[in-house]
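What follows is each chain in one-letter form.
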Amino acid sequence: TLTTPASPLNVDCDDQSGNELNSWLSNDGGAVATDVCFGSVDFTNDFGNLSGDCTQVPVTFVGCDGCGNCVSTTTTYSIVDNDSPQFSTPPSDLIVSCGSDTQSAYDSWLASDGNSVYFDTCASNSELTLFNDAPTNAPVGGGCSNSVTVTFRVSDPCGNTSPALTAAFIVNDN
């Protein structure tokens, strides 16, 4: 007889050493079953593997007595990511001289994410997405003194987004 169903396990994505998971599996997710004839009930589980952040998988614990009478309980193992990506180096302004190849400088500045560096405690940089509200073309026209302010943000695969930071691309008349 199942007296206590298994409890879910939520593990923070930056604490995936496996110790908490292994302990949870070894303790049958907290499930308890009793048997009046044999007393003890041996549990197994169907946990396979889980990778990635902000994911979950159902885990079924099956407890059987010596006669093959079984009870089961299903719960979830989840990897949780509540941390937003951060900028370790914020986007910085870039000032170029009037008459230089403004569009190339602008394109390079945007390609370097405004010369910023960012990270996430759970996702690798290749999993992060930086987005901005920059116009396609560099600020030109109306003389040599022009600028555009661009807002930069970073998001991770779990939908967490960094605070918005701004930097300016400035065309200066020397």
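Presented here is a report on the structure given in the accompanying data block. (Residues numbered from 1 in each chain as written. Predicted model: local features only at pLDDT ≥ 70, side-chain atom pairs only at ≥ 80, totals over all residues. Heavy atoms only, no water.)

1. Overview of the state of the cysteines
By definition, a disulfide is the covalent link that joins the sulfur atoms of two cysteine residues.
Logical step 1: Following the criterion strictly, the structure yields three disulfides and no others.
Logical step 2: Each sulfur in the disulfide pair Cys 13 and Cys 122 lies 1.4 Å from the other. Here Cys 13, found in the loop between strand E2 (9-12) and helix H1 (19-26), pairs with Cys 122, found in the loop between strand E9 (117-119) and strand E10 (129-132); they are 109 residues apart in sequence, far enough to count as distant.
Logical step 3: A disulfide bridge connects Cys 64 with Cys 70, and the sulfur atoms are separated by 1.9 Å. The sign of the 105° torsion about the S-S bond sets the Cys 64-Cys 70 disulfide as right-handed.
Logical step 4: Between Cys 37, a cysteine without a disulfide, and Cys 67, which holds the nearest cysteine sulfur, the sulfur-to-sulfur distance is 6.5 Å. (Disulfide = S-S within 2.5 Å. Helix = DSSP H or I, 4+ residues; strand = E, 2+ residues; numbered from the N terminus.)

2. Digging into the packing of aromatic side chains
Logical step 1: Under the counting rule described, the total for this entry stands at eight aromatic pairs.
Logical step 2: Taken together, Trp 24, Phe 47, Phe 61 and Tyr 77 form an aromatic cluster joined through their ring pairs. (Phe/Tyr/Trp six-rings, centres within 6.5 Å; stacked < 30°, edge-to-face > 60°.)

3. Considering H1
Logical step 1: Within the span of H1, buried status applies to Leu 21, Trp 24 and Leu 25. End-on view of H1: buried residues confined to an arc of 95°, all on one side of the axis. Turned more than 90 degrees away from the buried face of H1, the exposed residues are Asn 19 and Ser 26.
Logical step 2: A positive phi of about 55° marks Asp 28, the residue just after H1. (Buried < 20%, exposed > 50% of the residue type's maximum accessible area, 1.4 Å probe, protein only. Arc of directions from axis to C-beta.)

4. Overview of the nonpolar core
Logical step 1: Core analysis: the largest hydrophobic core is formed by 18 residues, its most contacted members being Leu 21, Trp 24, Leu 25, Phe 47, Val 59, Phe 61 and Tyr 77.
Logical step 2: Listing elements by their share of this core, those giving two or more residues are E2, H1, strand E5 (55-64) and strand E6 (70-80).
Logical step 3: Looking at this core, the element that brings in the most residues is H1, giving three residues.
Logical step 4: Setting aside residues no more than four positions away along its own chain, Leu 25 makes contact with Asn 45, Phe 47, Val 59 and Phe 61.
Logical step 5: Formed by 17 residues, the second largest nonpolar core is a distinct cluster that contains Phe 87, Tyr 118, Phe 169 and Val 171. (Core = buried A, V, L, I, M, F, W, Y, C linked by side-chain atoms within 4.5 Å. Contact = heavy atoms within 4.5 Å.)

5. Structural notes on the side chain of Thr 73
Logical step 1: Examined against the element boundaries, Thr 73 turns out to sit in strand E6.
Logical step 2: Its relative accessible area of 7% is what places Thr 73 among the buried residues.
Logical step 3: Within polar-contact distance, the side chain of Thr 73 engages the backbone nitrogen of Ala 6 at 3.1 Å.
Logical step 4: The residues contacting Thr 73, other than those within four sequence positions of it, are Leu 2, Pro 5, Ala 6, Ala 31, Val 59, Thr 60 and Phe 61. (Polar contact = N/O pair within 3.5 Å; in protein donor to acceptor, adjacent residues only side chain to side chain.)

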